[in-house]
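Listed below, chain by chain, are the residues.
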Amino acid sequence: MSDKKIPPSKSKEETISERMDMRTIARLAKVSIATVSRTINHVSTVNPKMAKRVREVIDELDYFPNTQARALGSGRSRLFGLIVSDITNPFFPELIQGFEDIAVEHGYEILVSSTNYDPKRMSHCIRRMLERKVDGVAVMTFGIEEPLLDQLAKRKIPMVFIDVAPKNTGTSLLKVDYQHGIRQGVQHLVAMGHRQIAFVTGPKKLHSAQSRLAAFSSSLKECGITPNPKWIIEGDHTLEGGVAAMKQLLKAKPMPTAAMCSNDMTAIGVLHALYRAGLRVPDDFSVIGFDDIHIAAVTIPPLTTIQMSRYELAHAAFAALRSHVEESEHSTQKREYNIRTDLVVRESTDFPRGSMTNLRKANQI
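Residues numbered from 1 in each chain as written. Predicted model: local features only at pLDDT ≥ 70, side-chain atom pairs only at ≥ 80, totals over all residues. Heavy atoms only, no water.

Asks: Explain the overall build of the protein to me, and be specific about the residues and the numbers.
Replies: Summing up its helical and strand segments, the protein has 14 helices and 12 strands in all. By sequence separation, contacts in the protein at least 24 residues apart represent 70% of the contacts at least 6 residues apart. Carbon and sulfur atoms make up 52% of the accessible area of the protein, which amounts to about 19,400 Å² in all. (Helix = DSSP H or I, 4+ residues; strand = E, 2+ residues; numbered from the N terminus. Contact = heavy atoms within 4.5 Å. Areas by Shrake-Rupley, 256 points an atom, 1.4 Å probe, with all protein chains shown as cover.)

Asks: Give a description of helix α6 (residues 91-105) that names residues and reports values.
Replies: Between its first and last C-alpha, α6 extends 22 Å over 15 residues, near the 21 Å set by a 1.5 Å rise per residue. Taken together, the buried positions of α6 are Phe91, Phe92, Leu95, Ile96, Gly98, Phe99, Ile102 and Ala103. Down the axis, α6 shows its buried residues gathered within 165° of arc, on one side only. In α6, the exposed residues that point more than 90 degrees away from the buried face are Val104 and Glu105. On the buried face of α6, the contacting elements are β1 (79-84), β2 (109-114), β3 (136-140), β9 (286-291), β10 (304-308) and α13 (310-327). Two residues or fewer past α6, glycine 107 is found with a positive phi of approximately 80°. (Expected span 1.5 Å × (residues − 1). Buried < 20%, exposed > 50% of the residue type's maximum accessible area, 1.4 Å probe, protein only. Arc of directions from axis to C-beta.)

Asks: Can you explain the packing of helix α9 (residues 178-191) against helix α10 (residues 207-222)? Please cite residues and give values.
Replies: The geometry of a pair of packed helices is captured by two quantities: the angle between their axes and the separation between those axes. Two elements in contact, α9 and α10, have axes whose closest approach is 9 Å; the angle formed by their N-to-C orientations is 45°. In terms of axis orientation, α9 runs oblique to α10. Handedness of the α9/α10 crossing: right-handed. Mapping the contact onto sequence places Tyr178, Gln179, Ile182, Arg183 and Val186 in α9 and Ser208, Ser211, Arg212, Ala215, Phe216, Ser218, Ser219, Leu220 and Glu222 in α10. (Axes fitted to C-alpha atoms, helices over the stretch in contact; angles between N-to-C directions. Parallel < 35°, antiparallel > 145°, perpendicular 65-115°, else oblique. Left-handed = near helix turned anticlockwise from the far one by under 90°.)

Asks: Talk me through the nonpolar core; I want residue IDs and the actual numbers.
Replies: The biggest cluster of nonpolar side chains holds 73 residues, and the ones touching the most others in it are Phe99, Met140, Met260 and Val287. The biggest single contributor to this core is α13, with 8 residues. Once residues lying within four places of it in the same chain are set aside, the contact partners of phenylalanine 99 are Phe80, Leu82, Ile110, Ala138, Ala314, Ala317, Phe318 and Leu321. Ranked by size, the runner-up nonpolar core spans 19 residues in total, among them Met122, Leu130, Ala153 and Ile157. (Core = buried A, V, L, I, M, F, W, Y, C linked by side-chain atoms within 4.5 Å.)

Asks: Residue-level account of the packing of helix α2 (residues 22-29) against helix α4 (residues 48-61), with values.
Replies: Close contact between α2 and α4 brings their axes to 9 Å; oriented N to C, the two are set at 115°. For the pair α2 and α4, the crossing hand works out as right-handed. For the pair α2 and α4, contact is made by Ile25, Leu28 and Ala29 and by Arg53, Val54, Val57, Ile58 and Leu61, respectively. Looking at the contact of α2 with α4, its residues break down into 7 nonpolar, no polar and 1 charged. (Nonpolar A, V, L, I, M, F, W, Y, C, P; charged D, E, K, R; others polar.)

Asks: For the sheet that holds β2, give the residues involved together with the corresponding values.
Replies: Ordered in space as β2-β1-β3-β4-β5-β11, the 6 strands form an open sheet in which the pairing is parallel. Each edge of the open sheet is held by one strand with a lone partner, namely β2 and β11 (335-339). Ignoring strand direction, the axes of neighbouring strands in this sheet form an average angle of 15°. Looking at chain direction, β1 and β2 are connected through 6 bridges and run parallel. Residue pairing for β2: glycine 81 is matched across the bridge by leucine 111. (Pairing = 2+ DSSP bridges.)

Asks: Hey, could you go over α2 for me, with residue numbers and the actual values?
Replies: By the burial criterion, the buried members of α2 are Thr24, Ile25, Ala26 and Ala29. Considering only its buried residues, α2 is in contact with α3 (33-40) and α4. Downstream of α2 by a residue or two, lysine 30 has a phi angle that is positive, lying close to 60°.

Asks: Any details on a negative patch on the surface? Residues and values, ideally.
Replies: A cluster of acidic residues, Glu56, Asp59, Glu60 and Asp62, forms a negative patch on the protein surface. Along the chain, the position of glutamate 56 falls in helix α4. Since its relative accessible area comes to 45%, glutamate 56 is described here as partly exposed. (Patch = residues over 30% accessible without salt bridge, like charges linked within 9 Å, V, L, I, M, F, W, Y side chains within 5 Å. Salt bridge = Lys/Arg side-chain N within 4 Å of Asp/Glu carboxyl O. Lys, Arg positive; Asp, Glu negative; His and termini not counted. Charge placed at Lys NZ, Arg CZ, Asp CG, Glu CD.)

Asks: Mind laying out the environment of threonine 341, listing which residues take part and the relevant values?
Replies: If you trace the backbone, threonine 341 turns up in strand β12 (residues 341-344). In this structure threonine 341 comes out as buried when scored by relative accessible area, which is 0%. Separated by 33 residues in sequence, threonine 341 and methionine 308 have C-alpha atoms that sit 5.0 Å apart. Setting aside chain neighbours within four positions, we find threonine 341 in contact with Val176, Asp177, Tyr178, His180, Gly181, Gln184, Phe290, Ile306, Gln307 and Met308.

Asks: I'd like a rundown of the packing of aromatic side chains, residues and numbers included.
Replies: The full count for this structure, using the stated rule, is 7 aromatic pairs. Between the aromatic rings of tyrosine 178 and phenylalanine 290, the centroid separation amounts to 5.9 Å while the plane-to-plane angle is 45°, which identifies the pairing as tilted. Here tyrosine 178 is found in helix α9, whereas its partner phenylalanine 290 is found in strand β9, with 112 residues between them in sequence. Aromatic rings pair up to connect Phe80, Phe99, Tyr108 and Phe318 into one cluster. In this arrangement the basic side chain of arginine 78 is found over the ring face of tyrosine 108, its NZ or CZ atom lying 4.2 Å from the centre. (Phe/Tyr/Trp six-rings, centres within 6.5 Å; stacked < 30°, edge-to-face > 60°. Lys NZ or Arg CZ within 6 Å of the ring centre and 35° of its normal.)

Asks: I'd like a description of the environment of valine 112, backed by residues and values.
Replies: For valine 112, the location among the structural elements is in strand β2. For valine 112, a relative accessible area of 26% gives the class partly exposed. Residues contacting valine 112, with those up to four places away along its chain left out, are Leu82, Ile87, Ile96 and Arg128.

Asks: Kindly report on the sheet that holds β12, identifying the contributing residues and their values.
Replies: The strand order across the open sheet formed by 6 strands is β7-β6-β8-β9-β10-β12, and the pairing between neighbours is mixed. In this open sheet, the two edge strands, each paired with only one partner strand, are β7 (232-234) and β12. Neighbour-to-neighbour, the strand axes of the sheet open up by a mean angle of 15°, direction not taken into account. Bridging between strand β6 (residues 197-201) and β7 involves 3 bridges; their strand directions are parallel. Paired with threonine 201 across the bridge in β7 is glutamate 234. Contacts from α10 reach β6, β7, β8 (258-261), β9 and β10, with the element oriented near 170° to β6.

This is the structure in structure tokens:
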């Protein structure tokens, strides 16, 4: 009889201390490595009982799949890139959060890059996306650098854009209906008696800024008002830009009685400049923003603004990328998703100063 002792079975702690890989998971779950791989990659044809055993082992051992190795094996990384313009603008973190929520829900990860409106940064963002072998990219910048994005298009990586998309196959477009919300905003001001209405644009090189200004101008004309070029000020979508724009409007003669802004950050800057000038909102001046970022509801006063839902944008962008990736490896159909805008009335808009007095005088005649 041999004196050789049979080694005791390994404890959970000893198993965890091993170099964890799919081979180990397969041995402990008593399934094939292929079953482990298909379970991790959310393949629907896996036997439910086997998939459950695999997931239980993964949960018990806190196993984290090697995503790079998984991408090499399956040809898909289950990673989507998300490129935004300015991560310091609250609009974009709210958009990122919505995109990540739905991505995680469907077993995807996201890689976020911010361009800060800089082509060099954009080039770096795209390089990161290519190095990480993303399955698709959502370009949420409201402006595109086509030569740079050609690097993604040449590799047939699905992309989704806001407002304008290159003429490549495998791209989708989120078309924002700026006209609807901005028309509501203009009509809201006109209905209260405003006729001298300014507009603070975004950077005019951006297609979105051009579209918002065009919607404002056409909406004024619909109300029988000719836009005054002196009251159209170019901003840069920042607080500081809003302050600078309002300082220009304060010097205008005559001065407008209300201003619409191309985004909420600009509008908050306008509120600050008016406060510093000793003017009250909305008693002396009315202000409307655009975006309806979370903080808009708690400014002083709460900001009337045009809502562009980050949730709707994020879900449409994810749905577009997922459909390109999962419906067919050779899917080249261009898709369009309409994004609605709507006015949200709060407390930064009211009748122009003196208008009620003039109305009472008119009634006495």
